[in-house]
Amino acid sequence: SFIGEESVAAGEGSILTDNPTWIIDPIDGTTNFVHRFPFVAVSIGFVVNKKTEFGIVYSCIEDKMYTARKGKGAFCNGQKLQVSGQEDITKSLLVTELGSNRDPETVKIVLSNMERLLSIPIHG
């Protein structure tokens, strides 16, 4: 099976089943792309039994290929990635995204979550 982000965004329905499924977003970061903000990628995932087996993200502008496989780790241009190991959130940099859903209830939830995060003395 195939699920494409652009077709779903256009209103086509999609149901994730247990069948092997490719999930593809050919322009991940469409809004960035439209505004010429240089953070866009091609994103591809492969799911079986509703569980991700592997994913590939190609950051076009940066010419970086991110890959990850279940149980095998994540890589950027072939170099293994790892988390920082920082356990103290007050010494961490927080990066977030507000999302594109502007439904009033969703916005209320997102802003409430942001308010809770911003009350933690994080770096940014």
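Note that the structure is a prediction, hence the values are computed from the model and not measured. (Residues numbered from 1 in each chain as written. Predicted model: local features only at pLDDT ≥ 70, side-chain atom pairs only at ≥ 80, totals over all residues. Heavy atoms only, no water.)

1. Considering the overall build of the chain
Secondary structure assignment for the chain yields 3 helices and 7 strands. Secondary structure elements of the chain, listed N to C terminal, follow the sequence β-α-β-α-β-β-β-β-β-α. Rg of the C-alpha trace for the chain: 17 Å, well past the compact-globule value of 14 Å for 124 residues, more than 25% over. Taken along its principal axes, the extent of the C-alpha atoms in the chain is 45 × 40 × 35 Å. (Helix = DSSP H or I, 4+ residues; strand = E, 2+ residues; numbered from the N terminus. Rg over C-alpha atoms; globule rule 2.2 N^0.38 Å.)

2. Brief notes about the UniProt feature "binding site: Mg(2+)" (unreviewed entry) in the chain
In the numbering used here, UniProt assigns the feature "binding site: Mg(2+)" (unreviewed entry) to Glu 5, Asp 25, Ile 27 and Asp 28. Sequence-wise these annotated residues cover 24 residues; spatially they are packed, their C-alpha atoms never more than 8.7 Å apart. Lining of the largest pocket among the annotated residues: Glu 5, Asp 25 and Asp 28. Examined against the element boundaries, Ile 27 turns out to sit in strand 2 (residues 21-28). (UniProt positions renumbered as here; feature names shortened; annotations may be inferred. 1 Å grid on protein atoms, 1.4 Å probe; cavity = no way out; pocket = protein on both sides within 12 Å on 5 of 7 lines; lining within 4 Å.)

3. Some details on the pattern of salt bridges
In the structure shown here, the tally under the stated rule is 1 salt bridge. In this structure, the salt-bridge partner of Lys 70 is Glu 53, at a minimum N-O distance of 3.9 Å. Placement of Lys 70 in the loop between strand 5 (64-69) and strand 6 (73-76) and of Glu 53 in strand 4 (residues 51-59) is noted, with a sequence separation of 17 residues between them. (Salt bridge = Lys/Arg side-chain N within 4 Å of Asp/Glu carboxyl O.)

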